[in-house]
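Residue-level structural notes
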Amino acid sequence: MVQGFNDYPTFCRSCQSATMASQLLRLAEESGLSPGESELAVNPFDGLPFSSHYYELLEQRRALPIWAARFIFLEQLESSPSGVVLVSGEPGSGKSTQIPQWCAEFALARGFQKGRVTVTQPYPLAALSLALRVADEMDLTLGHEVGYSIPQEDCTGPHTLLRFCWDRLLLQEVASTRGTGAWDVLVLDEAQERSVASDLLQGLLRDARLGNLPDDPRVVVVTDPAFEPKLQAFWGDPPIVHVPRGPGRCPTPIYRDTVPTDRVEAACQAVLELCRKEAPGDVLVYLPSEEEISLCCEFLSREVGTLAVPGLPPRVLPLHPGHGQAVQAVYEDTDSGARKVVVTHWLADFSFSLPSIRHVIDSGLELRSVYNPQIRAESQMLRPISKCQAEARQLRAKGAPPVFLPSGSCLCLYPKSFQELEAPPLPQPRVCEENLSPVVLLLKRRQIAEPGDCHFLDRPAPETLMQALEDLDYLAALDDEGDLSDLGVILSEFPLPPELAKALLASCEFDCVDEMLTLAAMLTAAPGFTRPPLCAEEAALRRALEHADGDHSSLIQVYEAFIQNGADKAWCQTRGLNWAALCQAQKLRGELLELMQRIELPLSQPAFGSEKNRRDLQKALVSGYFLKASGVGPSILPE
């Protein structure tokens, strides 16, 4: 680390700003050198000379639309009276990769005491992907100066200056500490996604009044232009940096006259037609669910090999959370010459910009889990995407620097009237659609007595907040004054829904901790089954994993068979199991076990399959999920 930036003199505000500007300019000039201009340019973050690969990526970075706003952004970041800066720009303009790097330069130049820039993402895979890309662009080692924090994986170190983080993890950190957390600059990226954690973090930070906090922290909120007016009003008219539109023209969308009865087949046929036409550029397909993504990928993988096209056959790649870290394959082999067909859903509406995409096929639908407080249960809702999402998907076909290819296309598998009449203008705020018990538990841990008093971008219904308080009270997580009880403090330690955390704690009493750990991990990780069996043989192998006691015991049996077979990927494929999801469950189980050992909770030996264990497991589950229990019998029927 370069020590010269830490010798920051204490002058008046104007002198400090002038010194700051000169240091930022020097950093900017250093990073703008090319190999021919200087052979001694040193990376200010690790003190090592820049590699030739750094300069290759630097040319690509300079071509991004966001680069034109570089100095304006740094000036606003330094001079913002409230400490808040909004950045508004289209998807693919380079906001998510360049803004964090400039914030790191800002923190380094100021010699911040905490010395950390934290960047939140609404999806763990997006945080991982961006950390890999930014570390490469900055010519730094992942896990040292640049790192990431996602569930079951913390790739950071004592010298990490720039950390990419899942927003829910940061919310848990903020709820567990006083102040605003261990950061000096916080970048809230993709605010238009409206995740619960992002909305709640903004409310907590607004209440904290950054200007009154020590060390002069900064907050950067990055959003799509459609969401800019709402954020501007919420934050009290802070300075806004507008990212100019990049080169290239967005193709005119082609709408279907009617909605196809089989979305997967319609999308597959459209992809095959593009491949036969040999139109240049990669293809991005949007479908509503992970099951449909899997079916589409399997069909296309069989068909593309039979196409009579020059060169290598197209590569079909899924992009969704259940695929785990394997989604990084969408960025690999860019020079192989093979066309990529990436099949995804809402995950890639704003995240995962792929420069080589020139063709988009959009179903116009999304499948989301929506909580119904009246029945205390989630349901899967198939609904139209918002106009903001539709526009973002169409912009993907424009491509991004350094790749601009002609003749892009955007095929919408729905009529134009479908979008105009049924699509909302913006994505639905998740805080109005999720079970708020985990949120209220975190707010209580933060010692916010009345969750309704917290500022929300969109306030949830009062009855939803009241029901969340009631549920926590039923779980004994609150005391008579409405504050967290000792049990509630323990429940808030677990990265689980409160009901599941209570069931896990109850398993200590009923001597079935081993089985409950497995079940908690399997219920929290991505689904282990992503599609129906494809053939009779696969169906028979899957039936052998089923348990007579039902789904919960079947999940435990699937996990144990997975471990007994060495977590083998081929074993999973022959049974139609999601290998990445089971690996995620294995990591989460280890994390939960470590947490229980740290807080010295009693454990138990494995006993799955015995009659006593069966009854004990049922008792533990009912201890947490008693509000969802029901029964039919003479003893409970009305007389």
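Now for a description of the structure that goes with this document. All values reported here derive from a predicted model rather than from experimental measurement.

Across the six residues of strand β13 (residues 357-362), six count as buried, placing the element largely inside the fold. By the bridge criterion, five bridges tie strand β10 (residues 282-286) to β13 in an arrangement that is parallel. In the strand pairing of β13, V283 is matched with H359. Inspection of the sheet shows β13 paired to strand β16 (residues 409-412) by four bridges, in the parallel sense. In the strand pairing of β16, I361 is matched with L411.

To continue, consider the sheet that holds β16. Strand order in the open sheet formed by six strands is β9-β16-β13-β10-β12-β11, and the pairing between neighbours is parallel. What marks the edges here is a single partner per strand, and that holds for β9 (254-255) and β11 (315-319). Direction of pairing for β10 relative to strand β12 (residues 340-344): parallel, over a ladder of four bridges. From the neighbouring strand, V285 faces β12, where its bridge partner is V343. Each of β11 and β12 is contacted by helix α10 (residues 290-303), which is oriented at about 170° to β11, the strand it contacts most. Across the sheet, helix α11 (residues 387-396) touches β9, β10, β13 and β16, and the angle it forms with β13 is around 145°.

According to the stated counting rule, one finds zero disulfides in the structure shown. With no disulfide of its own, C410 has C412 as its nearest cysteine by sulfur position, at a separation of 4.1 Å. For C410, a relative accessible area of 1% puts it in the buried group.

Two orientations exist for strands paired in a sheet by backbone hydrogen bonds: parallel and antiparallel. Across the sheet, which stays open at both edges, the eight strands sit in the order β4-β3-β5-β2-β6-β7-β1-β8 with mixed pairing between neighbours. With one partner strand each, in any of the chains shown, β4 (153-155) and β8 (240-242) form the two edges of the open sheet. In this sheet, adjacent strand axes meet at a mean angle of 20° when their direction is disregarded. Strand contacts of helix α5 (residues 124-137): β2 (117-121), β3 (146-150) and β5 (162-166), with the helix running at about 170° to β3, the strand carrying the most contacts. Set on the sheet, helix α6 (residues 167-176) makes contact with β2, β3, β5 and β6 (185-188); between it and β5 the angle comes to about 100°.

Moving on, we get to the side chain of H345. Within the secondary structure layout, H345 lies in the loop between β12 and β13. Excluding its chain neighbours within four sequence positions, the residues that come into contact with H345 are Y286, L287, P288, S289, E290, I293, L319, H320, P321 and R393.

The rules behind each value
Residues numbered from 1 in each chain as written. Predicted model: local features only at pLDDT ≥ 70, side-chain atom pairs only at ≥ 80, totals over all residues. Heavy atoms only, no water. Buried < 20%, exposed > 50% of the residue type's maximum accessible area, 1.4 Å probe, protein only. Helix = DSSP H or I, 4+ residues; strand = E, 2+ residues; numbered from the N terminus. Pairing = 2+ DSSP bridges. Contact = heavy atoms within 4.5 Å. Axes fitted to C-alpha atoms, helices over the stretch in contact; angles between N-to-C directions. Disulfide = S-S within 2.5 Å.

From the geometry alone we can't say anything about function, so treat these as descriptive.
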